[in-house]
Amino acid sequence: MSYFLFDNKKVYYNESGMGTPLLFLHGNTASSMMFCEIAEKYKNHFKVILIDFLGHGKSDRLDEFPSDLWFYEAQQVIAFLKEKQYSDVFIIGSSGGALAAVNTALEAPQLVSKVIADSFEGEKPLKEFTANIKADRELSKQDADLRWFYQYMQGEDWERVVDNDTSAIIRHEKEIGRFFHTDLHSFQPDLLLTGSKQDEFISSISPTYFEKIYGEILDKTGHGKMHLFDTGGHPALLSNPDGFYKISMEFFQ
């Protein structure tokens, strides 16, 4: 297994294939294991890179996740790219990983060429989600399918990871309230925003949520496009793998 150091802790990564580096960035309570199947589709075209952010998967654990979690994760990505001397990379970030992907591109545009940001809530936390997250996460621990997911992603200490993530989300909403440090008007790489109209986190709020929020983001960046799948859940990348692969390859080419 391969690691790089960040804040004197080991961050796990895996590389396979050849060509332009393509990073997959995982979401909250997940790890790079979420991409195991779909990443295989890209290995004949790119150098596919999977990373476990600190505190997740095979990376070193943290006593507490920082409130500015998605910016902290972007800093890990930037450190990795600089250590490997990669530039003009492609990034696919899903859910919380999309926030890390956009932050990476905003803070180090010289390293990033194209970004796909999938199934994320926009520039600010979704209050309908954060208001109930503690209770929802406790209920999720009792769900057999979600317990399996957590354990598959994190290992035996999955509950510690979930609790750390829940605490960070609550503190971020109270203390910071915005996901990006740099204004979106300065976003430089090519950008594709993706999501599902039936995303279970979004559809209950508004069936046109992604259209509105993504539209506002694209107005600020001044370039980019969106693709919304009519069916599928959260994230769209995994619930629409064939369709996602098709539109992503068109975007990358």
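Calculation rules
- Along each chain, residue indices are assigned from 1 in the same order as the chain's sequence is written.
- Where local features are concerned, this predicted model is filtered to residues with pLDDT of at least 70; where side-chain atom pairs are given and counted, the filter is 80 or more; whole-chain, interface and lining totals use all residues.
- Side-chain figures throughout are based on the complete set of non-hydrogen atoms in the structure, without hydrogens or water.
- Each residue's exposure class comes from its accessible area (1.4 Å probe, protein chains only) as a fraction of the maximum for that residue type: buried when under 20%, exposed when over 50%, partly exposed otherwise.
- Only DSSP runs of H or I covering at least 4 residues are called helices, and only runs of E covering at least 2 are called strands; the numbering of each starts at the N terminus.
- Each direction from the helix axis to a C-beta atom contributes to the arc, which is the arc of those directions.
- When checking whether two residues touch, look at their non-hydrogen atoms; a contact exists if any pair is within 4.5 Å.
- We call two strands paired when DSSP finds no fewer than two bridges between them.
- Orientation is described by lines fitted to C-alpha atoms, with helices fitted over the stretch in contact, and by angles between N-to-C directions that extend from 0 to 180 degrees.
- Basic side-chain nitrogens of Lys or Arg form a salt bridge, by our definition, when they fall within 4 Å of a carboxyl oxygen of Asp or Glu.
- Remark: nonpolar core denotes a set of buried residues (Ala, Val, Leu, Ile, Met, Phe, Trp, Tyr, Cys) joined through side-chain atoms within 4.5 Å.
- Pairs of N or O atoms within 3.5 Å make up the polar contacts considered here, provided that, within protein, one atom can donate a hydrogen while the other can accept it, and that residues adjacent in sequence are counted only when both atoms are side-chain atoms.
- When the strands point away from the viewer and the path from the first strand over the helix to the second turns clockwise, the crossover is right-handed.
- Here the expected length of a helix is defined as 1.5 Å per residue gap, with one fewer gap than residues.

Digging into helix 5 (residues 133-140)
Turning to step 1, where the next piece is worked out: All of the buried residues along helix 5 are Ile133, Arg137 and Ser140. Along the long axis of helix 5, the arc covered by the buried residues comes to 55°, so they all point the same way. In this structure, helix 5 carries Lys134 and Leu139 as exposed residues pointing more than 90 degrees from its buried face.
Turning to step 2, where the next piece is worked out: Looking at the buried side of helix 5, the elements it contacts are helix 4 (127-130), helix 6 (144-154) and helix 7 (158-175).

A short note on the sheet that holds strand 6 (residues 112-118)
Turning to step 1, where the next piece is worked out: As summarised here, the arrangement of the eight strands in space is 1-2-4-3-5-6-7-8, forming an open sheet in which the pairing is mixed. Each of the sheet's edge strands pairs with one partner strand only, and the pair in question is strand 1 (2-6) and strand 8 (225-229). Along the sheet, successive strands turn relative to each other by an average axial angle of 20°, direction set aside.
Turning to step 2, where the next piece is worked out: Here helix 3 (residues 96-107) sits on the sheet and contacts strand 3 (21-25), strand 5 (89-94) and strand 6; the angle it forms with strand 5, its principal contact strand, is near 145°.

Focus: the pattern of salt bridges
Two side chains bearing opposite charge may form a pair once their charged atoms approach each other closely.
Turning to step 1, where the next piece is worked out: Scanning the model with the defined rule gives 17 salt bridges in all.
Turning to step 2, where the next piece is worked out: Residues Asp157 and Arg61 are paired through a salt bridge, measuring 2.7 Å at the closest nitrogen-oxygen approach. Linking Asp157 in the loop between helix 6 and helix 7 with Arg61 in the loop between strand 4 (47-51) and helix 2 (69-84), this pair joins segments that are 96 residues apart in sequence.
Turning to step 3, where the next piece is worked out: Each of the salt bridges in this network shares a partner with another, and the network as a whole consists of Glu138, Lys141, Glu159 and Asp163.

A word on the nonpolar core
Turning to step 1, where the next piece is worked out: Core analysis: the largest hydrophobic core is formed by 54 residues, its most contacted members being Leu23, Phe80 and Phe120.
Turning to step 2, where the next piece is worked out: Once residues lying within four places of it in the same chain are set aside, the contact partners of Phe120 are Ser95, Ala98, Leu99, Phe180, Leu193, Phe210, Tyr214 and Ile217.
Turning to step 3, where the next piece is worked out: One finds Tyr42, Phe90, Leu192 and Ala236 within the second-largest nonpolar core, a separate group that totals 24 residues.

Thoughts on the side chain of Gln76
Turning to step 1, where the next piece is worked out: On the secondary structure map, Gln76 appears in helix 2.
Turning to step 2, where the next piece is worked out: We classify Gln76 as buried; its relative accessible area is 1%.
Turning to step 3, where the next piece is worked out: In terms of polar contacts, Gln76 uses its side chain to reach the backbone amide nitrogen of Leu54, at 2.9 Å.
Turning to step 4, where the next piece is worked out: Residues contacting Gln76, with those up to four places away along its chain left out, are Phe4, Phe6, Val11, Phe53 and Leu54.

Considering the pairing of strand 6
Strand residues, when the strand is regular, have side chains that alternate between the two faces of the sheet.
Turning to step 1, where the next piece is worked out: In terms of burial, strand 6 is largely enclosed, as six of its seven residues are buried.
Turning to step 2, where the next piece is worked out: Here six bridges tie strand 5 to strand 6, and the two strands are oriented parallel to one another. Its bridge partner lying in strand 6, Ser94 is registered against Asp118.
Turning to step 3, where the next piece is worked out: Note on the crossover from strand 5 through helix 3 to strand 6: the handedness is right-handed.
Turning to step 4, where the next piece is worked out: Pairing between strand 6 and strand 7 (residues 190-196): five bridges, direction parallel. By the bridge assignment, Ile116 is partnered in strand 7 with Leu192.

What about helix 10 (residues 241-252)?
Turning to step 1, where the next piece is worked out: Counted at 1.5 Å a residue, the expected span for helix 10 with its 12 residues is 16 Å, and the 16 Å between its end C-alpha atoms agrees.
Turning to step 2, where the next piece is worked out: Looking only at helix 10, the buried set comprises Phe244, Ile247, Ser248, Met249, Phe251 and Phe252.

Some remarks on the environment of Ser140
Turning to step 1, where the next piece is worked out: Take Ser140: it is sitting in helix 5.
Turning to step 2, where the next piece is worked out: For Ser140, a relative accessible area of 8% translates into the label buried.
Turning to step 3, where the next piece is worked out: C-alpha separation for the pair Ser140 and Ser204, spaced 64 residues apart in sequence, amounts to 18 Å.
Turning to step 4, where the next piece is worked out: When residues no more than four places from it in sequence are discounted, the contact partners of Ser140 are Leu146, Arg147 and Tyr150.
Turning to step 5, where the next piece is worked out: A polar contact is formed between the side chain of Ser140 and the side chain of Tyr150, at a distance of 2.9 Å.

Interpretation note: all reported values are geometric properties and have no functional meaning in isolation.
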